[in-house]
Amino acid sequence: HYIAFITPLRFVDVPKIRTVTGFGERVVLANSSYVYTTSNVRIWVYEKILELLEVRLRCYSELAKEFPGTDSNISNMAEITFPSWYAENIFDYWDIAGLPRVIPGTFFSPGTGLGRVQIPAVLSFVPSGKEPELFGWYFSIGESVFSARADNSFSLFIDPVKSAGRIYSRTGKTPEEKILHLDGILYINPGTNSPVEQEIIDRMLKTFINETSRGIKVRIRFDGRTLEIREYPVSHSNSLIFLGRI
């Protein structure tokens, strides 16, 4: 950069010498950030796919035990079918568990007593008008509950952890027969929130987030009618973040 600056090269921009020396650091940092984000997203998606494959292998292993041991009983193989609590994708697993696609409810601030704030909120599997591109739940809070956005953006995203395996392990139990517990991480979606939403998020979630964590670890509890999302493990006097009913 300095050589180009003190010589006639500063007047030459072929092949982009002045551009590279003047903006090289910015270009390199931007490219590094892009590669880092892309790699993390790819790793995250691969982890979700591997989770589904692990459950598939587990199901196949259990089905293999039902195969007849002799050729004389080979006709019985046609009677072996996949169990009703097995699925090929995460969205079908949520249907198997009886989780509704949209859940209206209340978003709570941490703390207790009169200082605790409650805001109407909506939890949905997939934003309206979009294909299910991610393996998680989307939050809309504040004014987004009452008015649809043109870009269908969302404020918060919950990444469920090992949810397919948890649901499969329930061996076909309905939510009424067995309470469902799922772990997850709640992330804030930056740059898409309205001023009202951002104020709510800053006020109600800031105390849950520490400097070393990019998200909030939560536990989801569903009993067939009521869905709760709480901070987990608990580190505040009141861990309830969201309460919804169908």
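Scope of this entry: the structure provided in the associated data block. This structure is a prediction, so every number in the text was calculated from the model and none was measured. (Residues numbered from 1 in each chain as written. Predicted model: local features only at pLDDT ≥ 70, side-chain atom pairs only at ≥ 80, totals over all residues. Heavy atoms only, no water.)

1. Quick look at the overall build of the protein chain
Okay, so step 1: The helix and strand tally for the protein chain stands at 5 helices and 8 strands.
Okay, so step 2: The secondary structure elements of the protein chain, listed N-terminal to C-terminal, are α-α-α-β-β-β-β-α-β-α-β-β-β.
Okay, so step 3: Expressed as a percentage of its 246 residues, the buried residues of the protein chain come to 37%.
Okay, so step 4: Long-range pairs, those at least 24 residues apart, make up 58% of the contacts in the protein chain with a sequence separation of at least 6.
Okay, so step 5: Approximately 15,200 Å² of the protein chain is accessible, and the part contributed by carbon and sulfur atoms is 58%. (Helix = DSSP H or I, 4+ residues; strand = E, 2+ residues; numbered from the N terminus. Buried < 20%, exposed > 50% of the residue type's maximum accessible area, 1.4 Å probe, protein only. Contact = heavy atoms within 4.5 Å. Areas by Shrake-Rupley, 256 points an atom, 1.4 Å probe, with all protein chains shown as cover.)

2. What to know about the environment of isoleucine 49
Okay, so step 1: Along the chain, the position of isoleucine 49 falls in helix 2 (residues 17–64).
Okay, so step 2: When its relative accessible area of 38% is taken as the criterion, isoleucine 49 is described as partly exposed.
Okay, so step 3: Considering only alpha carbons, one finds isoleucine 49 and isoleucine 90, 41 residues apart in sequence, at a separation of 9.5 Å.

3. A look at the pattern of salt bridges
Okay, so step 1: Applying the stated criterion across every chain yields a total of 9 salt bridges.
Okay, so step 2: Glutamate 88 serves as the salt-bridge partner of arginine 56, at 2.5 Å between the closest nitrogen and oxygen. Of the two residues, arginine 56 sits in helix 2 while glutamate 88 sits in the loop between helix 2 and helix 3 (90–96), which places them 32 residues apart along the sequence.
Okay, so step 3: One salt bridge in this structure joins arginine 166 and aspartate 183, with 3.0 Å as the shortest N-O distance. (Salt bridge = Lys/Arg side-chain N within 4 Å of Asp/Glu carboxyl O.)

4. Comments concerning the pairing of strand 6 (residues 216–222)
Okay, so step 1: With burial as the criterion, only one face of strand 6 is covered, namely that bearing Ile216, Val218, Ile220 and Phe222; the residues Lys217, Arg219 and Arg221 on the opposite face remain uncovered.
Okay, so step 2: Where strand 5 (residues 180–188) lies against strand 6, 7 bridges are found, and the strand directions are antiparallel. Its bridge partner lying in strand 6, leucine 180 is registered against phenylalanine 222.
Okay, so step 3: As paired strands, strand 6 and strand 7 (residues 226–231) are joined by 5 bridges and run antiparallel to one another. The residue of strand 7 that forms the bridge with isoleucine 220 is isoleucine 229.
Okay, so step 4: Hairpin remark: strand 6 followed by strand 7, antiparallel, with 3 residues in the connecting loop; positive phi at glycine 224, about 105 degrees. (Pairing = 2+ DSSP bridges.)

5. Things to note about the packing of aromatic side chains
Okay, so step 1: The tally for this structure, following the rule as stated, stands at 6 aromatic pairs.
Okay, so step 2: The interplanar angle of 20 degrees and the centroid separation of 5.3 Å between the aromatic rings of phenylalanine 82 and tyrosine 86 together place this pair among those described as stacked.
Okay, so step 3: With a relative accessible area of 11%, tyrosine 86 lands in the buried category.
Okay, so step 4: Through successive ring pairs, a cluster of aromatic residues spans Tyr60, Phe82, Tyr86 and Tyr168.
Okay, so step 5: Between the NZ or CZ atom of arginine 219 and the centre of the ring of tyrosine 232, over which it lies, the distance is 3.9 Å. (Phe/Tyr/Trp six-rings, centres within 6.5 Å; stacked < 30°, edge-to-face > 60°. Lys NZ or Arg CZ within 6 Å of the ring centre and 35° of its normal.)

6. Here we look at unusual backbone geometry
Okay, so step 1: Along the chain, tyrosine 232 connects to proline 233 via a cis peptide bond; the corresponding omega equals 0 degrees.
Okay, so step 2: Among the secondary structure elements, proline 233 is positioned in the loop between strand 7 and strand 8 (240–245).
Okay, so step 3: The backbone of threonine 171 shows a phi angle near 45 degrees, a positive value even though the residue is not glycine.
Okay, so step 4: Its location among the elements puts threonine 171 in the loop between helix 4 (163–168) and strand 5.
Okay, so step 5: Overall, threonine 171 belongs to the partly exposed group, its relative accessible area being 46%.

7. A look at a nonpolar patch on the surface
Okay, so step 1: Together, Tyr46, Ile49, Leu50 and Leu53 make up an exposed nonpolar region whose accessible area comes to about 380 Å².
Okay, so step 2: Mapped onto the secondary structure, tyrosine 46 falls in helix 2. (Patch = residues over 30% accessible without salt bridge, like charges linked within 9 Å, V, L, I, M, F, W, Y side chains within 5 Å.)

8. Here's the deal with the side chain of glutamate 228
Okay, so step 1: As for its placement among the helices and strands, glutamate 228 is situated in strand 7.
Okay, so step 2: Note on glutamate 228: relative accessible area 18%, which makes it buried.
Okay, so step 3: Looking at glutamate 228, its side chain comes within polar contact range of the side chain of arginine 230, at 3.2 Å.
Okay, so step 4: Non-local contacts of glutamate 228, meaning those with residues more than four positions away in its chain, are made with Arg219, Ile220, Arg221, Leu240, Phe242 and Leu243. (Polar contact = N/O pair within 3.5 Å; in protein donor to acceptor, adjacent residues only side chain to side chain.)

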